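# Notes for the structure review
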Amino acid sequence: MSKETIRISGMTCAACAQRVQKAVGKIDGVINASVNFATEKLSVEFDEAAVNIPVIKDAVEQAGYGVIEDSKFNQVTIPIGGMTCAACSQRVEKAIEKLEGVSKVSVNLATEKATVEYDSQVIRLSAIKQCIEKTGYQALELDKNTVDEDKIRKEKEIKTLWTKFIVASVFGLPLLYFAMVPMVSWWPFPIPKALNPMVFPLRFALLQISLVIPIIVAGYKFYTIGFKALIQRSPNMDSLVAIGTSAAILYSIFNTYQIISGNFGAVEGLYYETAGVIIALILLGKSLEAVSKGKTSEAIKKLMGLAPKTAIVIEDGKEIEVPIDEVEIGNVILVKPGDKIPVDGVVLEGTTSVDEAMLTGESMPVDKKTGDKVFAASINKNGMIKFKATKVGSDTALAQIIKLVEDAQGSKAPIAQMADIVSGYFVPIVCSIALLAFLAWLIAGEPLAFAVTIFISVLVIACPCALGLATPTAIMVGTGKGAENGILIKGGEALETTHKINTIVFDKTGTITEGKPEVTDIVPVEGVQSRRLLQIAASGEKGSEHPLGEAIVRGAEKESLEILKVEQFEAIPGHGIEVVIEGIKVLIGNKKLMDDRQISLESLRETSDRLAGEGKTPMYIAMDGNISGIIAVADVVKESSAKAIKKLQEMGIEVAMITGDNRKTAEAIAKQVGIDRVLAEVLPQDKSNEVKKLQGEGKKVCMVGDGINDAPALVQADIGIAIGSGTDVAMESADIVLMRSDLMDVPTAIKLSKSTIRNIKQNLFWAFGYNVAGIPIAAGILHLFGGPLLNPIFAAAAMAFSSVSVVSNALRLKRFKAYK
Amino acid sequence: MIKKLLLSALSITAILSLTACNKLDVVGDQSIKSFDAVVNILGDQVTEDTEFGGWSLASPDGGARFLWSEDYSKTTSNDVQLVVKAQPFIDAGLDVTKLPEGVLVGEDLILGTELGKDALTYSGDATPLSSYEQIVKLYRDNISYHAALDHYGVKLSNGNMFEWAKDMTTNDKDIVFVLNPDIFINAGVDTSKVEGWVFAQVETMDDNGKKITVDKFLKPFELDGQSAEK
């Protein structure tokens, strides 16, 4: 099974996206194909044994669209020093050309630069530079300006659209002027006498033809794509524009012929300006749409722009600045104050504080010392550190976040599927309505010109591009905004489901609490020393990853106790551990463990109750089948927990807490943060069952957790939210990942989801509204009751601005404010 | 894209060249044929008017005439004009003292315009049609097409016109004498009482190329003619 993302070009509306999706979806071996119109990407899941990428790309091209190839080759421009003549540049060129992996090289003596296209999988940039040096010249520092291919492509697309719009406007305005002046008596400016339609009708017609030709050339893609789609029985928005404007032009050409034949009254049946202005307006709409669409992905662009371009690597004691692509795992990297950390790693030397706001949204810098992890793109505030690179390239946390956000932005919310289905049927239905309206008016006795006007108006106003943009643009802005606030939403479905949540279950340890509990009480039974009890317990928990175990180990370390050798170790999930130390069989765990092993806790019942009542977790220690004492561990409640829970309750969401801890401890914590419903003493494997039970009550459940043991519950819940400080498994299982440990991000995520879904609904309302209201008006329903007829030009304007208004509405989400 | 721009530039140049070409004057060309048909069907009612220095096309009821010059250098005042009987207007309340100077000449009202001072030359003898062709050739702006009535017309300035059907077989108004009623209304004429003239609102296009609806006195005639179209 393989999953690939392919960039598609030439799609103009949701119907195009549907068409590509259908074309790819029906290939044998393709399991799932999903096209996002807003990002212009096809996500395809396929069986490699049955089908390959070239076949899928062929299918896309067969459907009439383009595939944008991501070049495996990098292009770089290396400034070269020391070249004095053409022979020098020739020499350098030949030398580089011979290198394996170099596909193209061009050395320019005038600019003293070599432009090299190379396969980064085969050769590294440093090798090319070495080759230049070996030839006897200096490979100077690279230009800092790196090329963002996608950005350039988008900018080019916007520029092309604007140019086409300008061409269409330059010719469209005079065309509109000549066509409309006879109609607008209050307009003070005349038509030149030589072009008066009643005196020189053929001149008037030919002038209009000469003005409409460049407009058609500017909008030729509507025809090439639109008619191709029509021939393939899969009409799209371009088909509507192509049919509508072609009808106008053909009717006008017919009337021009009539003028030539002496029927000068046909001068009143010229609609060249309708076709011209429709194309100009749609080009304007497309240009504005392209600009706005670019803004919807600004968040991801911001993230991409965060990584520094170079790193200072320490090699043989020397500081060498290398491009970020050349940093390898294990390299020791120096980061000076104020610089960005180039890749992920572990601090080897030095202390500093690091601003990780761009990754976590947390504004307070985090202190870093030897052994601490640092992340690419975070800013080293004050100290100088050396760290070892542990993750580079696409493995860094930043790259992972970018991929996660990109994937989310490319995914579809269930609400989008509905819009897709509708837009798939929309165009053929609109064509039918246009034809029916045309025939109906003709049969009703209206002149051909009237029926043609109706036909054009219906086709032009009903373009479904606003429908196709309604959901993806809102999801792009919504997920992008989430990422800016340290909330990574993994997909459109998660974003949509989150707004329906009515119950939230919080894991206690590490989620509501800091997850770094401390030993608070050591209560040995008679005959056992406190220090001995702590030493035995800490020795047993030494290898434990459980926060309570870690607390006991830290407690022993504080007391400078020697950790004893563990002879046997067995973890009993949800209960504790069983170990053998110095030949003593030791049980460390909760009450359940002791009960299972029939160890009486009677002598400690009172103490245990008291500790639990104080919100402390009593850990029982038994040696050779007898209870030896309790070590109480307490976790600190996070500063934001109570506030976040209150906010959620204000939002009408029921909040519950789930924990493996005993009921009393759990209830004490729950009381502190204001939670009424407590699911205590729940074994890890049962957490998902508890979630299931809540779902059985008809609730939409969100689980918030951080540990490996939370993963099944995160998956079971309708929405799983993992705390960023938690484990990778939890983050992989979750639908939403919070980069910070601040629980206020939970209500923020829900608020963001609600805002996004509201925005999508508004977009859909407007997109449908334009069409639902526009089609009957364009079909002449008002005219039936003595009202006005919709001019096709106004239909085109309405259609063009429907897309712009939908994208603009989605951009309003950028003003979203997180709860503080 | 460059190819497409080049192609469209060539097309535009070709079309604009055509636009400038006189051969594209379909209205002018066709109007000559229609005018010829009208002249032919009127027969004796189209005569030479030596006093005026041109040709006279009289209405079947004799109440109006359209005159056009044979040589603009010789006609003294108007090169094209309408001459209509004043009596029906006087009967409808016209105060002749309120008419602009030169309009009332004897028992007639004369309304027309000077086209130019050109000394016209003809390949053979001047005929009513060849003199009309000179108007088309030299003063084409004075020839128009009236879509609402499917008429050609000679503009006589101030909204006065002589119009004739493009195709007499399909039109019930084969020739129409058209007067701007303003000067008559200002001189006290009751527009509903002018015998032989119809007061009506007509949709037309002004000199600025704008569609307008104006009041006119019309004297239309059906000549039972034949089509001018070949």
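Residues numbered from 1 in each chain as written. Chains lettered and ligands numbered in written order. Predicted model: local features only at pLDDT ≥ 70, side-chain atom pairs only at ≥ 80, totals over all residues. Heavy atoms only, no water.

### Here's the deal with the overall build of chain B
The helix and strand tally for chain B stands at five helices and twelve strands. Within chain B, buried positions represent 51% of all 230 residues. Here the contacts in chain B between residues at least 6 apart in sequence split such that 53% fall between residues at least 24 apart. When the accessible surface of chain B is split by element, carbon and sulfur atoms take 50% of a total near 11,000 Å². (Helix = DSSP H or I, 4+ residues; strand = E, 2+ residues; numbered from the N terminus. Buried < 20%, exposed > 50% of the residue type's maximum accessible area, 1.4 Å probe, protein only. Contact = heavy atoms within 4.5 Å. Areas by Shrake-Rupley, 256 points an atom, 1.4 Å probe, with all protein chains shown as cover.)

### Thoughts on the overall build of chain A
Of the regular secondary structure elements, chain A holds 29 helices and 30 strands. Across chain A, every contact between residues at least 6 apart in sequence was considered, and the portion connecting residues at least 24 apart equals 67%. Of the roughly 35,300 Å² that chain A leaves accessible, carbon and sulfur atoms contribute 56%.

### Looking at the packing of aromatic side chains
As enumerated under the stated definition, the model contains 26 aromatic pairs over all chains in all. Here the aromatic rings of B:Phe66 and B:Phe162 are separated by 4.6 Å at their centres, their planes lie at 10°, and the arrangement is stacked. Within this pair, whereas B:Phe66 is found in strand E3 (residues 64-69), its partner B:Phe162 is found in strand E9 (residues 161-165), the two being separated by 96 residues in sequence. We note that B:Phe66, like B:Phe162, is buried. Among the aromatic residues, those joined into a cluster by ring pairs are A:Phe264, B:Phe35, B:Phe66, B:Trp68, B:Tyr132, B:Tyr145, B:Tyr152, B:Phe162, B:Trp164, B:Phe177 and B:Phe221. Above the face of the A:Phe264 ring, B:Lys166 is positioned so that its terminal group lies 5.4 Å from the ring centre. (Phe/Tyr/Trp six-rings, centres within 6.5 Å; stacked < 30°, edge-to-face > 60°. Lys NZ or Arg CZ within 6 Å of the ring centre and 35° of its normal.)

### Observations concerning the interface of chain B and chain A
At the interface, 33 residues of chain B touch 35 residues of chain A. Both sides of the chain B and chain A interface together cover about 2,900 Å² of buried area, and 68% of this is carbon and sulfur. For the pair chain B and chain A, the interface holds zero salt bridges. The tally of links between chain B and chain A comes to three residue pairs in polar contact (both at pLDDT 80 or more). At the level of elements, helix H1 (2-20), helix H2 (26-42), strand E7 (143-146) and strand E8 (151-155) of chain B are the ones that each hand at least two residues to the side of chain B that touches chain A. Looking at the side of chain B that touches chain A, its residues break down into 14 nonpolar, eight polar and eleven charged. (Buried area = accessible area lost by both parts, 1.4 Å probe. Salt bridge = Lys/Arg side-chain N within 4 Å of Asp/Glu carboxyl O. Polar contact = N/O pair within 3.5 Å; in protein donor to acceptor, adjacent residues only side chain to side chain. Nonpolar A, V, L, I, M, F, W, Y, C, P; charged D, E, K, R; others polar.)

### A closer look at the packing of helix H27 (residues 745-778) of chain A against helix H29 (residues 792-811) of chain A
Residue and element names in this part refer to chain A. Between H27 and H29, the least distance of the axes is 9 Å, while the angle of their chain directions is 175°. The pairing of H27 with H29 is recorded here as roughly antiparallel in orientation. Of the residues in H29, those touching H27 at Asn759, Gln762, Asn763, Trp766, Ala767 and Tyr770 are Ala798, Phe801, Ser802, Ser805, Val806, Asn809 and Ala810. (Axes fitted to C-alpha atoms, helices over the stretch in contact; angles between N-to-C directions. Parallel < 35°, antiparallel > 145°, perpendicular 65-115°, else oblique.)

### Looking at the pattern of salt bridges
Residue and element names in this part refer to chain A. In this structure the tally under the stated criterion is 33 salt bridges over all chains. Put simply, Glu559 and Arg531 hold a salt bridge, and the shortest N to O gap is 3.5 Å. You can see Glu559 sitting in the loop between helix H19 (547-558) and strand E21 (566-572) and its partner Arg531 sitting in helix H18 (residues 530-541), a full 28 residues away along the chain. With relative accessibility at 45%, the residue Arg531 sits in the partly exposed group. Of the charged contacts, one joins Glu697 and Arg677 as a salt bridge, the two residues approaching to 3.2 Å between their closest N and O atoms.

### Observations regarding the nonpolar core
Core analysis: the largest hydrophobic core is formed by 216 residues, its most contacted members being A:Ile56, B:Leu57, B:Phe66 and B:Phe89. Here this core takes twelve residues from helix H6 (residues 201-218) of chain A, the largest share from any one element. Within the second largest apolar cluster, 22 residues are counted, among which are A:Ala538, A:Val586, A:Met623 and A:Ile631. (Core = buried A, V, L, I, M, F, W, Y, C linked by side-chain atoms within 4.5 Å.)

### Considering the sheet that holds strand E4 (residues 66-68) of chain A
Residues and elements named next belong to chain A. One open sheet holds the four strands; their spatial order is E2-E3-E1-E4, and the pairing between them is antiparallel. The strands lining the two open edges of the sheet, one partner per strand, are strand E2 (30-36) and E4. Sheet twist, expressed as the mean angle between neighbouring strand axes with direction ignored, is 35°. Pairing of E2 with strand E3 (residues 41-46) involves six bridges; the strand directions are antiparallel. Across the sheet, residue Asn36 finds its bridge partner in E3, namely Lys41. Along the sheet face, helix H1 (residues 14-25) touches strand E1 (2-9), E2 and E3 and points at about 170° away from the line of E2. (Pairing = 2+ DSSP bridges.)

### Notes on the sheet that holds strand E15 (residues 373-374) of chain A
Residue and element names in this part refer to chain A. Taken in spatial order, the six strands make up an open sheet running E10-E9-E11-E17-E12-E15, and their pairing is antiparallel. At either end of the open sheet lies a strand with only one pairing partner, and these are strand E10 (318-323) and E15. With six bridges joining them, strand E9 (residues 310-315) and E10 adopt antiparallel strand pairing. Considered in E10, the bridge of Ile314 is made with Glu319.

### Concerning the environment of A:Glu614
In this structure, A:Glu614 sits in the loop between helix H21 (605-613) and strand E24 (617-623). In this structure, the C-alpha to C-alpha distance between A:Glu614 and A:Glu667, residues 53 residues apart in sequence, is 9.6 Å.

### Things to note about the confidence of the model for chain B
Residues and elements named next belong to chain B. Averaged over all residues, the pLDDT of chain B equals 86, while 87% of them reach at least 70. Across residues 226-230, confidence stays below pLDDT 50; counting only partners more than four residues off in sequence or on other chains, it has 15 contacts. Reported for the predicted complex are a pTM of 0.61 and an ipTM of 0.74. (pLDDT = per-residue confidence, 0-100.)

### Observations regarding helix H23 (residues 663-673) of chain A
All names here are of chain A. If you check which residues of H23 are buried, you get Thr665, Ala666, Ala668, Ile669, Ala670 and Val673. Packing partners of the buried residues in H23 comprise helix H17 (508-512), H21, E24, helix H22 (641-650), strand E26 (654-658) and strand E27 (677-679). In the segment just after H23, Gly674 is the residue with positive phi, at about 90°.

### A short note on H19(A)
Along an α-helix, a turn takes 3.6 residues, which lines up residues three or four apart on a common side. The terminal C-alpha atoms of H19(A) lie 16 Å apart, and with twelve residues this matches the ideal 16 Å at 1.5 Å per residue to within 8%. Following H19(A) by one or two positions, A:Ser560 has its phi on the positive side, about 55°. (Expected span 1.5 Å × (residues − 1).)

### Brief notes about the environment of B:Gly159
Residues and elements named next belong to chain B. Positionally, Gly159 belongs in the loop between E8 and E9. What makes Gly159 partly exposed here is its relative accessible area of 29%. As for Gly159 and Asp206, which are separated by 47 residues in sequence, their C-alpha atoms are 9.1 Å apart. Excluding its chain neighbours within four sequence positions, the residues that come into contact with Gly159 are Val178, Leu179, Asn180 and Lys216.

### Side note on the environment of A:Met1
Residues and elements named next belong to chain A. The topology assignment puts Met1 in the segment before E1. Classification of Met1 by relative accessible area gives exposed; the value is 65%. Along the primary structure Met1 and Glu48 are separated by 47 residues, whereas in three dimensions their C-alpha atoms are 6.0 Å apart. If near-sequence neighbours (up to four positions away) are discounted, Met1 is found in contact with Ile31, Glu45, Phe46 and Glu48.

### Concerning a nonpolar patch on the surface
A contiguous nonpolar patch, built from A:Ile781, A:Leu782, A:Leu784 and A:Phe785 and spanning about 430 Å² of accessible area, is present on the exposed surface. Counting through the fold element by element, A:Ile781 comes out in helix H28 (residues 781-784). (Patch = residues over 30% accessible without salt bridge, like charges linked within 9 Å, V, L, I, M, F, W, Y side chains within 5 Å.)

### Topic: the pairing of strand E25 (residues 626-634) of chain A
Residues and elements named next belong to chain A. Counting buried positions along E25 gives eight out of nine residues, so the element sits mostly inside the fold. Note: E24 against E25, seven bridges, orientation antiparallel. Residue pairing in the sheet places Ala622 in a bridge with Ile627 of E25. Here E24 hands over to E25 after two residues, with Asp624 in that stretch at a positive phi of 50°.

### Brief notes about the packing of H22(A) against H27(A)
Residues and elements named next belong to chain A. Close contact between H22 and H27 brings their axes to 8 Å; oriented N to C, the two are set at 30°. Comparing the axis directions of H22 and H27 gives the class roughly parallel. Of the residues in H27, those in contact with Ala644, Lys647 and Leu648 of H22 are Val746, Pro747 and Ile750. Residues of the contact of H22 with H27, tallied by class, amount to five nonpolar, no polar and one charged.

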